[in-house]
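Structural overview
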Amino acid sequence: MFRMFSDLSAFRHDTLGFFESHYNQAQTPLVKLNLGPSPVYLVADPDLIKPIFKATEADIDKGRLIYKLREVIGLNSLTMSGQAHRERRAAIHQHMAKGIATSYVPEISAMIREFIIKASKDKCFDAHAITAPIALRAICDVIFGRGTLTSQDIAALLNAVELVEDDVADKIFRAIPDWPWIALRKKKKLAAGRAIMGHVIDKASRKSTRSSLIQSLQDLGLRGEALRDEILLIIMAGHHTTGSVAAWLLYHIGLDADLAARLAKEAQCICDDEGEIIPEKLNKQASLSRTVANEALRLYPSSYWMSREVLRPIELGNTHLKSGTSLIICPWAMQRSSQHYNVPETFRTDRSYVSKSFIPFGLGPRACVGMGLAMLELQIIALEFASNFEFTSVSPVPAPNPKPSVTLVPPRLMLSVKLRDHKSQTQNAA
Ligand code: HEM
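Residues numbered from 1 in each chain as written. Predicted model: local features only at pLDDT ≥ 70, side-chain atom pairs only at ≥ 80, totals over all residues. Heavy atoms only, no water.

Structural notes on the pairing of strand E8 (residues 326–329)
Walk down a regular strand and you will see the side chains alternate between the two sheet faces. Across the two faces of E8 the burial is the same, with Ser326 and Ile328 and Leu327 and Ile329 all buried. Pairing geometry for strand E2 (residues 40–43) and E8, over three bridges, is parallel. Its bridge partner being in E8, Tyr41 is matched across the sheet by Leu327. Bridge count for strand E5 (residues 306–310) against E8 is four bridges, and the pairing is antiparallel. Bridging from a neighbouring strand, Met306 pairs with Ile329 of E8. (Buried < 20%, exposed > 50% of the residue type's maximum accessible area, 1.4 Å probe, protein only. Helix = DSSP H or I, 4+ residues; strand = E, 2+ residues; numbered from the N terminus. Pairing = 2+ DSSP bridges.)

Here is the structure:
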């Protein structure tokens, strides 16, 4: 009986270390984890990723660990399957597909510049305190239409997400139910978060523009609770993920003056005479900012683990898996393993990301639907910050690991900046 739970305490104590050590010491492609009464395996062989992620829904699907989240974030694209999932995914995809995401470039650049002005006044800032609101503003503009939300609405949404997210993370591997008073406290917190969210969403829906994502979801017939659950997911999936990676990206640019200078040069090459990024060039001629984004995603994959459940008995990695078996895929462990990357803990810009072991956005029919938008945001943040600022100090060095919650939450990463000479001349002239 106790053996079933024997890994639970190590997992809870140091989740990232737990996954890393099991991955690196694996003797078999699938490693059994004792995290509860049902069988759970960590996938320790990148060759198994594709068969798992591309299996039919009838064989391998999201499953138990993710379905538990329905109690917290309801039914939405992440927690449902089948036709309903495909329809919602298609509606979101319409607004996020590669070519379409590029159309947001001018808006995202303009919005990032507002934060750059603030950072240039503050001179010293916590990276995540800047990148999280940038990511939130970007996703809200896509969902509701540009400028629909006021800054008070955005602050309220941030507060609502914070109220919900730690409980989301806790829910998944909780084998034993909470004490009744803790369950009640969590329920109240969740209700408060959802109420704030509901209020903002209802208000924004009334003002949203015809071409916004919320309208596409309403066209699918989503209303009330169902609409709120989908929006809550998109905000959670699209904001902390990108915001966290972006904070690390700025941290590493801040540590390397030569990299910052090279990015500033890349920005010059892809901008027009007015200094505006030419969207098409961002895709094709901005390889350094793309690499920097990929390297930040390799070292700090915000979705640090994903899970699936076997629905029909199958053979995988020389193991017979019965139905009900959970499979955990851990980009954090895989993308930091010396089996796949040289000096894996070092931030470098000479790596290739065409690799089975690089899966920050997942793979197959459930891969991240916001990947195009996220990459765009990361690239623009890298280019705009590097072309505006010299980073005069960065702390702490080295940085502690992020906190594993629903996504990886970065520690305080303090950056001191000064405007590059040509930028301060422009600002003075203005
Ligand atoms: C750096 C940023 C991001 C990372 C690392 C990331 C990562 C991921 C991963 C790994 C998955 C797949 C989960 C699985 O297979 O179980 C996923 C799914 C998803 N992501 Fe992202 N994501 C990011 C940004 C975004 C953005 C900006 C959006 C905005 C729309 C978004 C929306 C979603 C949605 C709706 C799903 C569920 C897709 C489905 O099940 O069909 N993500 N994300």
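Next, the rest of the story.
What about the pattern of salt bridges?
Inspection of the entire model under this criterion finds 19 salt bridges. Linking Glu114 and Arg137 is a salt bridge whose minimum nitrogen-to-oxygen distance equals 3.4 Å. Here the residue Glu114 occupies a position in helix H8 (residues 105–122), and Arg137 occupies one in helix H9 (residues 127–144), the gap between them amounting to 23 residues. (Salt bridge = Lys/Arg side-chain N within 4 Å of Asp/Glu carboxyl O.)

What to know about the sheet that holds strand E4 (residues 124–126)
Read from one edge of the open sheet, three strands run E4-E12-E9, paired in antiparallel fashion. This sheet does not close on itself; its edge strands, each paired only once, are E4 and strand E9 (389–395). Averaged over all neighbouring strand pairs, the angle between strand axes comes to 30°, with direction disregarded. Summarising the sheet, E4 and strand E12 (residues 414–419) pair through three bridges and their orientation is antiparallel. Of the residues in E12, the one forming a bridge with Asp126 is Met414. (Axes fitted to C-alpha atoms, helices over the stretch in contact; angles between N-to-C directions.)

With respect to the environment of Leu299
Examined against the element boundaries, Leu299 turns out to sit in helix H16 (residues 287–299). Owing to a relative accessible area of 0%, Leu299 belongs among the buried residues under this scheme. Along the chain, Leu299 and Leu149 lie 150 residues apart, while their C-alpha atoms are 33 Å from each other. In this view, Leu299 contacts Trp332, Arg336, Pro344, Glu345, Thr346 and Phe347; residues no more than four positions away in its chain are not counted. (Contact = heavy atoms within 4.5 Å.)

Concerning the packing of H9 against helix H13 (residues 224–255)
Where H9 meets H13, the axes come as close as 8 Å, and the angle between the chain directions of the two elements is 145°. Where H9 crosses over H13, the two elements pack in a sense that is right-handed. Of the residues in H13, those touching H9 at Ala127, His128, Thr131, Ala132, Ala135, Leu136, Ile139, Ile143 and Phe144 are Ile231, Ile234, Ile235, Gly238, His239, His240, Thr242, Gly243, Ser244, Ala246, Ala247 and Leu250. When grouped by side-chain class, the residues that make up the contact of H9 with H13 number 13 nonpolar, eight polar and no charged. (Left-handed = near helix turned anticlockwise from the far one by under 90°. Nonpolar A, V, L, I, M, F, W, Y, C, P; charged D, E, K, R; others polar.)

Side note on the site of the ligand
The local shell around the ligand holds 27 residues, among which His85, Arg89, Arg308, Arg366 and Cys368 are the closest. The side chain of Lys62 places a nitrogen or oxygen atom 3.0 Å from an oxygen atom of the ligand. Between an oxygen atom of the ligand and a side-chain N or O atom of Arg366, the distance comes to 2.9 Å. Only helix H6 (82–96), H13 and E5 provide two or more residues apiece to the shell around the ligand. For the shell around the ligand, the element with the highest residue contribution is H13, accounting for seven residues. Taken together, the residues of the shell around the ligand sort by class into 14 nonpolar, nine polar and four charged. (Near = heavy atom within 4 Å. Polar contact = N/O pair within 3.5 Å; in protein donor to acceptor, adjacent residues only side chain to side chain.)

Remarks on the nonpolar core
The biggest cluster of nonpolar side chains holds 96 residues, and the ones touching the most others in it are Leu249, Ile253 and Phe385. For this core, the element with the highest residue contribution is H13, accounting for 15 residues. Once you skip the residues sitting within four places of it in the chain, Leu249 turns out to touch Val292, Ala293, Ala296, Leu378, Ile381 and Ala382. Of all hydrophobic cores here, the second largest spans 37 residues; its members include Phe18, Ala44, Ile314 and Ile329. (Core = buried A, V, L, I, M, F, W, Y, C linked by side-chain atoms within 4.5 Å.)

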